[in-house]
Amino acid sequence: MSAFDFQRSGDRPPRFSKAPKPRELGWSVLAPLDDRDQHPCPICRHGQIQPMPMMEDAWSCDFCRHLFTLDLQSRILRVEDSTQPLQWRWLGRSWQPVRYSNEALTPTIWLLAVILAIGPVGLIGFSQYLFPPLPSSRSVGFGQGWLISAAIGHFILAAWLVLEHYQWPLYVSLKLRWQDWRSNR
């Protein structure tokens, strides 16, 4: 029985045959999400995810070695070997991150980030304005250095707070690569 016989009879082709051609929808070509095909890895963007042999629901990347589960009905891929609840939806060509955000928490996060970035730095700057160092002292530049280092440190903390809340794909990708690098050391 040839591959043409399967197409004519309406049966599904055998597992070892080539994947079906992408279907055309409008101006773009969308590849169907198939459990027998390889798809690009949404974490490393270098490897291909493919089903693991002898495992029903497990998928893995051949480059970064992350483990995934795939829900074919909702076309959602979920990473399983991370503490972060990361999920992506298949759009036909690429994966789009699925974000679950608590809308009531967002203004609080931004307010906390602004207070964290401006509050302590404002206190240091105000104290330097009220009590400037004596011009003849040896530590004239210490106050400005302290103010600059506090501003940089508190801005980094505020940025980290916002990044942890929104979980932007670039941040998550870099975070997972950092965890992999630390675990391989």
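Residues numbered from 1 in each chain as written. Predicted model: local features only at pLDDT ≥ 70, side-chain atom pairs only at ≥ 80, totals over all residues. Heavy atoms only, no water.

Engineer: Whenever I open this one, the sheet that holds strand 7 (residues 76–79) confuses me. Can you help?
Structural biologist: In a beta sheet, neighbouring strands are held together by backbone hydrogen bonds and run either parallel or antiparallel to one another. Strand order in this open sheet of seven strands is 3-4-5-6-7-8-9, and the pairing throughout is antiparallel. Of all strands in the sheet, those bounded by a partner on one side alone are strand 3 (39–40) and strand 9 (95–97). Pairing of strand 6 (residues 67–71) with strand 7 involves four bridges; the strand directions are antiparallel. Residue pairing in the sheet places Leu70 in a bridge with Leu77 of strand 7. (Pairing = 2+ DSSP bridges. Helix = DSSP H or I, 4+ residues; strand = E, 2+ residues; numbered from the N terminus.)

Engineer: I'm lost on the packing of aromatic side chains in this one. Help?
Structural biologist: Each aromatic ring pair is described using two quantities: the centre-to-centre distance and the angle formed by the ring planes. Under the counting rule described, the total for this entry stands at four aromatic pairs. Note on Phe68 and Trp88: the rings are 6.4 Å apart at their centroids and 70° apart in plane angle, and the pair reads as edge-to-face. Highlighted residues: Phe68 in strand 6 and Trp88 in strand 8 (residues 87–90), separated in sequence by 20 residues. Neither residue differs from the other here; Phe68 and Trp88 are each classed as buried. (Phe/Tyr/Trp six-rings, centres within 6.5 Å; stacked < 30°, edge-to-face > 60°. Buried < 20%, exposed > 50% of the residue type's maximum accessible area, 1.4 Å probe, protein only.)

Engineer: Whenever I open this one, the environment of Ala151 confuses me. Can you help?
Structural biologist: Relative to the elements of secondary structure, Ala151 occurs in helix 3 (residues 140–166). You can call Ala151 partly exposed: its relative accessible area is 29%. Between the C-alpha atoms of Ala151 and Leu116, which are 35 residues apart in sequence, the distance is 9.9 Å.

Engineer: Any chance you could explain the environment of Phe155 here in plain terms?
Structural biologist: With respect to the secondary-structure elements, Phe155 resides in helix 3. Separated by 37 residues in the primary sequence, Phe155 and Ile118 have C-alpha atoms spaced 8.2 Å apart.

Engineer: I keep staring at the pairing of strand 4 (residues 48–51) and nothing clicks. Help me out?
Structural biologist: Along a regular strand, successive side chains alternate from one face of the sheet to the other. Bridge count for strand 3 against strand 4 is two bridges, and the pairing is antiparallel. Counterpart to Pro40 in the pairing with strand 4 is Gln48. Strand direction decides the pairing type here: strand 4 and strand 5 (residues 58–61), joined by three bridges, are antiparallel. Pairing of Pro51 across the sheet is with Trp59, part of strand 5.

Engineer: Is there a simple way to explain the pairing of strand 6 in this structure?
Structural biologist: Across the two faces of strand 6 the burial differs, with Phe68 and Leu70 buried and Leu67, Thr69 and Asp71 not buried at all. Pairing geometry for strand 5 and strand 6, over three bridges, is antiparallel. Within strand 6, the residue paired with Ala58 across the bridge is Thr69. If you look at the hairpin formed by strand 5 and strand 6, you'll find five residues sitting between the two strands, and Arg65 has a positive phi there, around 65°.

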